[in-house]
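Reading the structure
If you want the building blocks of each chain, they are given just below.
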Number of protein chains: 2
Amino acid sequence: MPVAGHPRGPGAPRSVSIRDVANAAGVSHQTVSRVINGHPRVRPATRARVEAVIAELGFRRSVAAHALASGRTRSVTVLTANTTHYGRAALLRGVEEAARAASYAVGICVVESEEPRAVRDALDRATDAGGGLIVIAYDEPGLRALEQAPAGLPLVAAVETPAAAPPAASPWVWTDDRRAAREATEHLLGLGHRTVHYLAIPSTTRSRGGSQRAAGWREALTRASAAVPEPVAAGWTPAEGYAAGRRLAADPGVTAVLCGNDDLALGLLRALHEAGRRVPEDVSVVGFDDAPHAAYLAPALTTVRQDFHEVGRVCFGRLHGLIEGGAPVGPHALATPRLTVRESTGPAAPPA
Amino acid sequence: MPVAGHPRGPGAPRSVSIRDVANAAGVSHQTVSRVINGHPRVRPATRARVEAVIAELGFRRSVAAHALASGRTRSVTVLTANTTHYGRAALLRGVEEAARAASYAVGICVVESEEPRAVRDALDRATDAGGGLIVIAYDEPGLRALEQAPAGLPLVAAVETPAAAPPAASPWVWTDDRRAAREATEHLLGLGHRTVHYLAIPSTTRSRGGSQRAAGWREALTRASAAVPEPVAAGWTPAEGYAAGRRLAADPGVTAVLCGNDDLALGLLRALHEAGRRVPEDVSVVGFDDAPHAAYLAPALTTVRQDFHEVGRVCFGRLHGLIEGGAPVGPHALATPRLTVRESTGPAAPPA
DNA sequence: CTGAAAGCGCTTACAG
DNA sequence: CTGAAAGCGCTTACAG
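Residues numbered from 1 in each chain as written. Chains lettered and ligands numbered in written order. Predicted model: local features only at pLDDT ≥ 70, side-chain atom pairs only at ≥ 80, totals over all residues. Heavy atoms only, no water.

Observations concerning the pattern of salt bridges
All names here are of chain B. Scanning all chains against the criterion turns up 46 salt bridges over all chains. Note that Arg144 is salt-bridged to Glu140, the shortest N-O span being 3.0 Å. Within this pair, Arg144 and its partner Glu140 are both found in helix 7 (residues 140–148), separated by four residues, close to a single helical turn. A salt bridge links Arg270 to Glu274; the nearest nitrogen and oxygen atoms lie 2.9 Å apart. Within this pair, Arg270 and its partner Glu274 are both found in helix 11 (residues 262–274), separated by four residues, close to a single helical turn. By relative accessible area, Arg270 is classed as buried at 6%. (Salt bridge = Lys/Arg side-chain N within 4 Å of Asp/Glu carboxyl O. Helix = DSSP H or I, 4+ residues; strand = E, 2+ residues; numbered from the N terminus. Buried < 20%, exposed > 50% of the residue type's maximum accessible area, 1.4 Å probe, protein only.)

Shown next, in the form of structure tokens:
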């Protein structure tokens with residue numbers, strides 16, 4: 001029977017409430033509440049009876065009522081500039097798996113640009129959702145959202161390697177991609193390349209002079225007293241890697257290139273192929289991330305394996321601890337990504 | 001001041017409510033409700049005053065209270081077996097963009113397997129969210145969720161090409177991938193290949209004998225009186241395409257292969273490379289979807305362009321119409337995917 | 001261990 | 001055009 005003044009959707013019967021369960025079990029709705037919340041002080045027999053009725057009637061607690069009455073919602077929302085690029089998609093998957101295991105709902109909220117209005121809107125939407133927030137701050141839009149998130153909101157962020165030791169209260173999670181970039185560059189230098197060029201993902205303004213991957217690359221070059229070429233700005237996608245990579249491919253001086261991610265590397269490989277330059281005989285290429293396609297390209301891509309899936313899990317785990325236990329969340333570095341050498345890197349050609 | 005019995009999170013001040021706005025504006029909270037809901041019968045001066053206070057106080061309606069009182073929630077949840085594979089990720093992106101434009105929140109709910117328990121759990125979680133539901137039924141888990149979704153739930157599904165004309169009330173959206181597969185196969189046959197092998201994505205039980213892509217492939221072969229080889233079961237990923245593709249690569253009889261998606265094609269290309277078979281000189285390969293990397297492989301992949309982004313938008317649009325307008329949603333086919341010929345297909349080698 | 005009361009922040013008819 | 005009342009389905013102290 002539809003409740004007066006509260007029309008439901010067509011055909012949607014009013015679902016069973018805590019009161020229906022209470023009546024059927026012969027207890028107060030209050031006791032039902034205790035049972036579904038795992039409150040310890042309920043007589044076992046009572047609990048059993050209530051649970052039986054819950055199962056029989058197919059009762060499900062109203063998320064809205066629970067949220068309104070308790071001020072809590074078992075949910076997290078992932079705020080990100082993009083959901084499809086490999087790293088972000090894998091991170092999202094990690095969050096979802098961990099959230100599912102903890103019976104948390106997951107929402108996504110994309111921040112389209114770094115415009116103040118877009119950032120504010122995204123933050124408003126994310127806050128409206130009412131749960132915890134995981135922000136992917138790998139790019140400018142995400143970083144701005146992180147910086148402008150209201151205090152008091154339960155929040156954890158996936159970030160680049162911090163440029164300096166972060167404040168103890170920074171709820172940040174990262175893998176040491178700066179160090180990984182340095183090692184990748186050293187690998188190339190060790191192969192006899194005079195220098196290494198860098199095909200860049202977009203950098204955030206916080207890190208003046210490029211992303212932390214760029215910083216690690218520069219560091220290795222400087223330490224080895226190698227020339228530091230101007231980074232070539234690309235983007236995130238194969239198309240952008242190709243477009244920017246053509247310049248590199250046309251320059252006979254480049255013999256080794258570190259790419260900001262594997263999709264960029266894919267585009268560069270194509271540009272090199274079109275230019276008639278062989279990999280790794282003429283040019284060595286290193287990617288970043290170890291996306292699913294990296295191992296199956298021809299030549300198979302030497303790249304740095306990053307466990308975004310784990311980053312996602314950890315972000316959720318820490319947020320969960322913050323929400324349920326009030327455990328303060330500080331900065332947290334995961335294991336350093338590891339260089340996986342495959343076919344796209346080789347010794348520098350002897351000087352002609 | 002914390003309300004007795006309703007502790008908020010640490011440091012989270014009680015946010016401004018409709019009553020605070022009402023007091024500040026000198027009206028009843030009821031009138032504020034009318035203003036935020038765009039009710040027409042409000043005096044312009046009153047409306048202006050209320051809106052000014054709303055802006056000044058930074059009022060945001062409580063999602064939970066709104067949902068509880070109205071029985072509606074401006075949200076959709078995407079139910080899918082996977083969020084990272086290209087087609088699904090692009091579809092999700094389309095949904096998110098359309099939802100954002102309509103001020104709807106979007107949740108994701110993954111159904112891990114086709115086990116009855118997993119399907120039921122996913123459906124429960126999706127239903128708890130309270131809004132509309134978009135199910136991606138490209139695989140068995142998704143399909144079962146679709147079949148078992150409770151009646152009365154606002155729902156739209158992205159499906160494979162239906163095997164037969166669907167019932168008028170089926171809220172399905174698809175692109176004609178069966179026909180696209182047929183055309184791709186005909187393209188290969190037209191190049192002089194005796195037959196075309198099929199490297200298969202997983203099929204759903206509903207479509208006995210393989211997915212609709214397989215059906216289209218078989219159709220073309222049959223019409224041309226070509227032999228119909230056994231499809232080679234692979235999966236969705238490059239790794240699976242590679243593993244299954246090795247068998248194809250080792251068989252000198254295969255000169256043309258249609259792949260269920262571009263990732264499979266990528267793996268196959270690698271297997272062919274390792275086996276020393278040239279593409280397209282020795283073997284022609286066609287992918288499916290036109291994922292971002294397809295055009296940048298070497299050889300660039302001939303593939304069938306599918307607009308999953310648009311599928312996502314359309315799914316949301318129809319669901320939105322259903323929720324807000326009660327517009328009934330029937331089956332809906334989008335434009336047929338188009339074959340994009342690039343470098344991975346060529347004339348059959350003349351018989352040795 | 002269990003129940004009666006009050007309240008979360010909104011919306012919905014119903015009056016006026 | 002606007003307000004007073006009731007209710008959405010829960011949870012939270014407070015009694016007992």
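Some words on the protein's contact with DNA strand C
Taken together, 30 residues lie around DNA strand C, and Arg34 and Thr46 of chain A together with Gln30, Ser33 and Arg61 of chain B are the ones closest in. Near the protein, within 4 Å, the atoms of DNA strand C are sugar or phosphate in 65% of cases. Thr31 of chain A is positioned with one of its side-chain polar atoms (N or O) 2.7 Å from a phosphate oxygen of DNA strand C. Backbone polar atom of Ile18 of chain B to a phosphate oxygen of DNA strand C: 2.7 Å apart, as the coordinates give it. At the level of secondary structure, the elements contributing two or more residues to the surface near DNA strand C comprise helix 2 (29–36) and helix 4 (63–70) of chain A together with helix 2 (29–36) and helix 4 (63–70) of chain B. With four residues, the single largest contributor to the surface near DNA strand C is helix 4 of chain B. For the surface near DNA strand C, the class distribution of residues is nine nonpolar, 14 polar and seven charged. (Near = heavy atom within 4 Å. Polar contact = N/O pair within 3.5 Å; in protein donor to acceptor, adjacent residues only side chain to side chain. Nonpolar A, V, L, I, M, F, W, Y, C, P; charged D, E, K, R; others polar.)

Side note on the sheet that holds strand 6 (residues 197–200) of chain B
All names here are of chain B. Reading across the sheet, the four strands line up as 7-6-8-9 and stay open at both edges, with parallel pairing between neighbours. Only two strands of the sheet have a single partner each, and these edge strands are strand 7 (232–233) and strand 9 (284–286). Pairing of strand 6 with strand 8 (residues 256–259) involves three bridges; the strand directions are parallel. The residue bridging Tyr198 from the neighbouring strand is Leu258, located in strand 8. The sheet contacts of helix 8 (residues 177–190) involve strand 8 and strand 9, and relative to strand 8 the element is tilted by about 165 degrees. (Pairing = 2+ DSSP bridges. Contact = heavy atoms within 4.5 Å. Axes fitted to C-alpha atoms, helices over the stretch in contact; angles between N-to-C directions.)

Examining the protein's contact with DNA strand D
As a matter of local geometry, DNA strand D sits amid 31 residues, with Gln30, Ser33 and Arg61 of chain A together with Arg34 and Thr46 of chain B nearest to it. Restricting attention to atoms of DNA strand D within 4 Å of the protein, one finds that 64% of them are sugar or phosphate atoms. Between DNA strand D and Ile18 of chain A, the relevant distance is 2.7 Å, taken from a phosphate oxygen to a main-chain nitrogen or oxygen of the residue. The separation between a base nitrogen of DNA strand D and a polar side-chain atom of Gln30 of chain A is 2.5 Å. Secondary structure elements with two or more residues in the surface near DNA strand D: helix 2 and helix 4 of chain A together with helix 2 and helix 4 of chain B. Here the surface near DNA strand D is composed, by residue class, of 10 nonpolar, 14 polar and seven charged.

Section: the packing of aromatic side chains
Summed over all chains, the structure comprises 10 aromatic pairs over all chains. By the ring-pair criterion, three or more aromatic residues cluster together here, those being Tyr86, Tyr138 and Phe308 of chain A. The side chain of Arg88 of chain B reaches across the aromatic face of Trp236 of chain B, ending 4.1 Å from its centre. (Phe/Tyr/Trp six-rings, centres within 6.5 Å; stacked < 30°, edge-to-face > 60°. Lys NZ or Arg CZ within 6 Å of the ring centre and 35° of its normal.)

Here's the deal with the UniProt feature "domain: HTH lacI-type" (unreviewed entry) in chain A
The feature "domain: HTH lacI-type" (unreviewed entry), as given by UniProt, occupies residues 16–70 of chain A in the numbering adopted here. End-to-end, the C-alpha atoms of residues 16–70 of chain A are 20 Å apart, and along that stretch the chain is 69% helix and 0% strand. (UniProt positions renumbered as here; feature names shortened; annotations may be inferred.)

A look at the confidence of the model for chain A
The predicted model of chain A has a mean per-residue pLDDT of 91, with 94% of residues at 70 or higher. This stretch, residues 1–12 of chain A, has a pLDDT under 50; its non-local contacts, to residues over four places away or in other chains, come to six contacts. (pLDDT = per-residue confidence, 0-100.)

Regarding the sheet that holds strand 6 (residues 197–200) of chain A
Across a sheet, paired strands are connected by hydrogen bonds in the backbone, their directions being either parallel or antiparallel. Residues and elements named next belong to chain A. Ordered by their spatial adjacency, four strands build an open sheet running 7-6-8-9, and the pairing between neighbours is parallel. Of all strands in the sheet, those bounded by a partner on one side alone are strand 7 (232–233) and strand 9 (284–286). Note that strand 6 and strand 7 share two bridges and pair parallel. Across the sheet, the residue bridging to Leu199 is Val232, located in strand 7.

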